[in-house]
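# Coordinate analysis (summary)
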Amino acid sequence: MEKFVPVVVIKELSETDKILKALKNNGINTAEITFRTACAAEAISYACKNYPEMSIGAGTVINAEQCKAALDAGAQFIVSPGLSVSVANICKENNIPYYPGCVTPTEIMQALELGITTVKFFPANIYGGLKALKALSAPFPQVKFIPTGGVDRSNIDEFLAFDKVEAIGGSFFVKESLDKMEEENK
Ligand code: 3PG
């Protein structure tokens, strides 16, 4: 997994090019396209075909049906806000990395039982931020985290400085990339 994981919401399929071009232009080669909009699967499939150099995954995958649709569309990784055993099993069968949302010791233990050692920590700001990550890392030194939710330029560096942080997720990467491209095209 790359260090930065933009959480992408595509409302219309036609927005896909603009967003992915902006991310690439900002040096980001990953996109977590979320299953929050009707065109998510179509956008993933379009992105995989047209941006083969990027790592395209699916986010907000909350059940087996969405997971299967995401994998059929070509998603290379799956992210959930929480932990779904059925999603974990489908990903394992297909040899696709799965990053479930885990914020409690019980959820982390469940992830470990499923063979998962990198989890999304969401919403990072609400569940105690870096302080919570450090406390959780004491009993779970083998676990890496992807803090997401409320992370932005104001706090990204403190998360990045912690060695248990595998990557950072957030929608702010998209906004920042679009703003940068707009500024450059002025
Ligand atoms: C997610 O699904 O990961 C979050 O909606 C991202 O949260 P953010 O918008 O605060 O980055």
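The structure this text deals with has already been given above.
Residues numbered from 1 in each chain as written. Predicted model: local features only at pLDDT ≥ 70, side-chain atom pairs only at ≥ 80, totals over all residues. Heavy atoms only, no water.

Right, let's get into helix H2 (residues 40–50). Ala40, Ala43, Ile44, Ala47 and Cys48 are the residues of H2 that are buried. Projected down its long axis, H2 shows its buried positions confined to an angular sector of 130°, all on one face. (Buried < 20%, exposed > 50% of the residue type's maximum accessible area, 1.4 Å probe, protein only. Helix = DSSP H or I, 4+ residues; strand = E, 2+ residues; numbered from the N terminus. Arc of directions from axis to C-beta.)

Turning to the layout of surface pockets, a few remarks are in order. Rolled over the atoms, a probe with the dimensions of a water molecule shows which regions are left empty. Each pocket or cavity is described by its volume, and for the largest pocket that value is around 190 Å³. The wall of the largest pocket is formed by 14 residues, among which Ile96, Pro97, Tyr98, Gly115 and Ile116 lie closest to the centre. Broken down by secondary-structure element, the contributors of at least two residues to the lining of the largest pocket are helix H4 (85–93) and strand E5 (98–99). When grouped by side-chain class, the residues that make up the lining of the largest pocket number 8 nonpolar, 5 polar and 1 charged. (1 Å grid on protein atoms, 1.4 Å probe; cavity = no way out; pocket = protein on both sides within 12 Å on 5 of 7 lines; lining within 4 Å. Points joined across faces, edges and corners; volume = space filled by probe spheres on them. Nonpolar A, V, L, I, M, F, W, Y, C, P; charged D, E, K, R; others polar.)

Further remarks concern the packing of aromatic side chains. Tallied over the entire structure, the rule returns 4 aromatic pairs. With centroids separated by 6.3 Å and ring planes inclined at 65°, the aromatic side chains of Phe77 and Tyr99 adopt a geometry described as edge-to-face. Separated by 22 residues along the polypeptide, Phe77 in the loop between helix H3 (64–73) and strand E4 (78–79) and Tyr99 in strand E5 bring together distant segments of the chain. Side by side, Phe77 and Tyr99 carry an identical accessibility label, which is buried. Through successive ring pairs, a cluster of aromatic residues spans Phe4, Phe172 and Phe173. (Phe/Tyr/Trp six-rings, centres within 6.5 Å; stacked < 30°, edge-to-face > 60°.)

All we've got here are geometric facts, nothing functional implied.
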